[in-house]
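A closer look at the structure
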Amino acid sequence: MNYFSFLNIMGNTSKKLAAKCTLLTKEEQKYVAATFRAASKNSEKIREEDLIVSGKVDAVLLEKFWGPQIDPRLAQYLSNFLFGSGQQKSPTVDFNRFAELYVFNVRGTVDERMTVTYNCLGKDYNEEIELPYQLLKEFCESIVSTYIKIVKSSSSKRVRVWIDKGFRASASYVQALGEAVAATIGGDLDSPHHHCNAQQLSKWLQTNILLKQLAELVFVNLYGINKRSGDESPTPLPPAPASLLPAPDGLEAMPDYPAFIDLSHIVWINSHLPQKYQHKWRFLFSSHIHGESFSTMAGRIQDQGPSVLIIEDNSGYIFGGFATASWAWSPNWTGTDEAFLFTCAPRMRMYPATSYNDHYQYMNHHTKTLPNGMLMGGQLEFGGIWIPAEPFGEGSSAESCSTFRGYRRLSKEPHFRIRSIEVWGVGDKPALDKDEDERDTSILDANPEAKAILDMAGRTRHSDGIREEPPL
C-alpha cells in the first residue's frame, strides 16, 4: 500500500481530524493527519508509549514512532508538552494538541514559542516564573542532537559527501553547539548563567535565528512534512537535505581528506554567514594536502570571493574568520562589516564587526616595508588572527581586538603552532571580469619592467620548497 492509498483509507476521519485544527494549511493537514493516524494506530488519540518511547524489554528492541530519530531528552520534553507532567499528566493526546506542537515550533509567534518552551520544561507559561539556565541549555542540546541524528540518517548527497570524507558529529561538539545556542540568552556570553526570566526568554526567541532554524527542521522531519509520493514507511523521514549544512564542492577529488572539524562546526559557522553564501562551501586549501606553504595557500585562495579560514592550533583549539572580500596581495585593508571571527573548540562563539575600524582582512608577501602574512582584525602583526608568511606554521591571536565585538583571544596561547589550516570559498565562485583581465594584460604588455617584476615574484612564489598543486 503506497502513501496516498493510506491517505485515501483514512478518508473522512482524517478530514474531520484536520478540520478541528485551523492552524494548519491544507497542504499540512494531510501530512500531519497522516502522521497522527500512523502514530495513533488509526484511532482518535495517541498514547505516549506508541509515540516516543524507545528502549529494550527482555532484549526486544522497542522503537516507537519517534524513537529512532529523537534524542531521549527531547522525547521527554515533548512528552511534557503533549501529555503534561506530574499530576496533570494524561495518558493520551488529541490531534489538536499534536498539531499545535508542530505549528508553534515551525511558525509560531513568540508567545506560542514561549508556551512550548515552558511546557516542555514542565512549567506553565507565567511571566513571574524563571527557568533554570541548566535546563534550558539541555533543552537546546536535545534539539541540536535530534537535528544531527536526522542529518546523519539522511540519504542526501551533500550529507553523504561530508560524512564519507570523515566529517563526524561527535557528542562533545554536538553538546558544544547546544551550549552556544543557549548562551546567547544572557548578556556576557562567558559569564555564568543561573536562571532566565520571561523577558530574557522572549528576546532570545526573537533574535536567535539558529535556534528557530534547528527547531523548524526538527519538527518538519518528525511530522513527515513533504513526504515523497510512494513512500510506504509509516515513520517520518527527512523530506529534503538539511538546509543548515552547505553542499561541499571539491571534496570528491580528495581520496583521503584529513577532516579536523565536525558537522556541528560547519553548522555553527555556516549559520552566521550571509544567507546568499550558505548554500555551498568550495574546498580551496588544506595544509595537510597542499603542504605548509604560505605562497601555495595564497595562490589557491586569491580571487575566490568570500571565504572561511579555519585553524587548529597545537593545543586543539579550533577557530577562524569569515573574510567578505577575495584575498589578494595589497598594502591596504579590505573587506566589509559582514566579516566576523569565530571559535569552534573548546567552545563555539562568534564575534561580529564593531565598525570601530575597517581592519577586516589583509594579505601581503615579499615586501620590505610592510608585514608579510595574513591578518584578520586589529593592527598589523597584532590582530585577532595573524599568520606570518615566514616561517609558515606559526601564528598569534591578540588579547584584544577592537575590530570585533565581544572578542576574546581565539587560540589557547597568544602565540601558537598551527596543527591544521584550511580555507573554504563560500557561495558560488565569482565570475572573472574578462574586460578587466584583458586591460591588465595590455598594461603589462606596455610596461615590460612591471611584467618582469611580476614574473620574478611568480618564480619566488614557487621557490619556498613546496610544489604548488594544480587547481582542483
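Quick look at the overall build of the protein chain now. Across its full length, the protein chain holds 16 helices and 17 strands. Buried residues in the protein chain amount to 50% of all 472 residues. Looking at the protein chain alone, contacts between residues at least 24 apart form 67% of all its contacts between residues at least 6 apart.

Another aspect to go through is the nonpolar core. A general trend in soluble globular proteins is that nonpolar side chains are found buried together. Ranked by size, the top nonpolar core spans 99 residues in total, and within it Leu 51, Trp 66, Tyr 102, Tyr 147, Tyr 223 and Ile 310 carry the most contacts. For this core, the leading source of residues is helix 7 (residues 133–153), giving nine residues. Counting residues in hydrophobic clusters, the runner-up holds 32 residues, among them Met 297, Tyr 360, Phe 404 and Ile 418.

Residues at a pLDDT of 70 or more form 80% of the protein chain, whose mean pLDDT is 83. Below a pLDDT of 50 lies the segment residues 1–13, which in the model reaches 25 contacts outside its immediate sequence neighbourhood of four places, other chains included. Here residues 438–472 is a poorly scored stretch, pLDDT under 50, and it has 30 contacts once near neighbours within four places are set aside; other chains count.

Another aspect to go through is helix 6 (residues 110–120). The complete set of buried residues in helix 6 reads Arg 113, Met 114, Val 116, Thr 117, Tyr 118, Asn 119 and Cys 120. A positive phi of about 80° marks Gly 122, the residue just after helix 6.

In total, this model carries 15 salt bridges according to the counting rule given. For the salt bridge of Asp 71 with Arg 73, the shortest nitrogen-to-oxygen distance reads 3.2 Å. For Asp 71, a relative accessible area of 7% gives the class buried. For Arg 73, a relative accessible area of 32% translates into the label partly exposed. Between Glu 399 and Arg 409 there is a salt bridge, and its shortest N-O distance comes to 2.4 Å.

Thresholds applied
- Residues numbered from 1 in each chain as written.
- Predicted model: local features only at pLDDT ≥ 70, side-chain atom pairs only at ≥ 80, totals over all residues.
- Heavy atoms only, no water.
- Helix = DSSP H or I, 4+ residues; strand = E, 2+ residues; numbered from the N terminus.
- Buried < 20%, exposed > 50% of the residue type's maximum accessible area, 1.4 Å probe, protein only.
- Contact = heavy atoms within 4.5 Å.
- Core = buried A, V, L, I, M, F, W, Y, C linked by side-chain atoms within 4.5 Å.
- pLDDT = per-residue confidence, 0-100.
- Salt bridge = Lys/Arg side-chain N within 4 Å of Asp/Glu carboxyl O.

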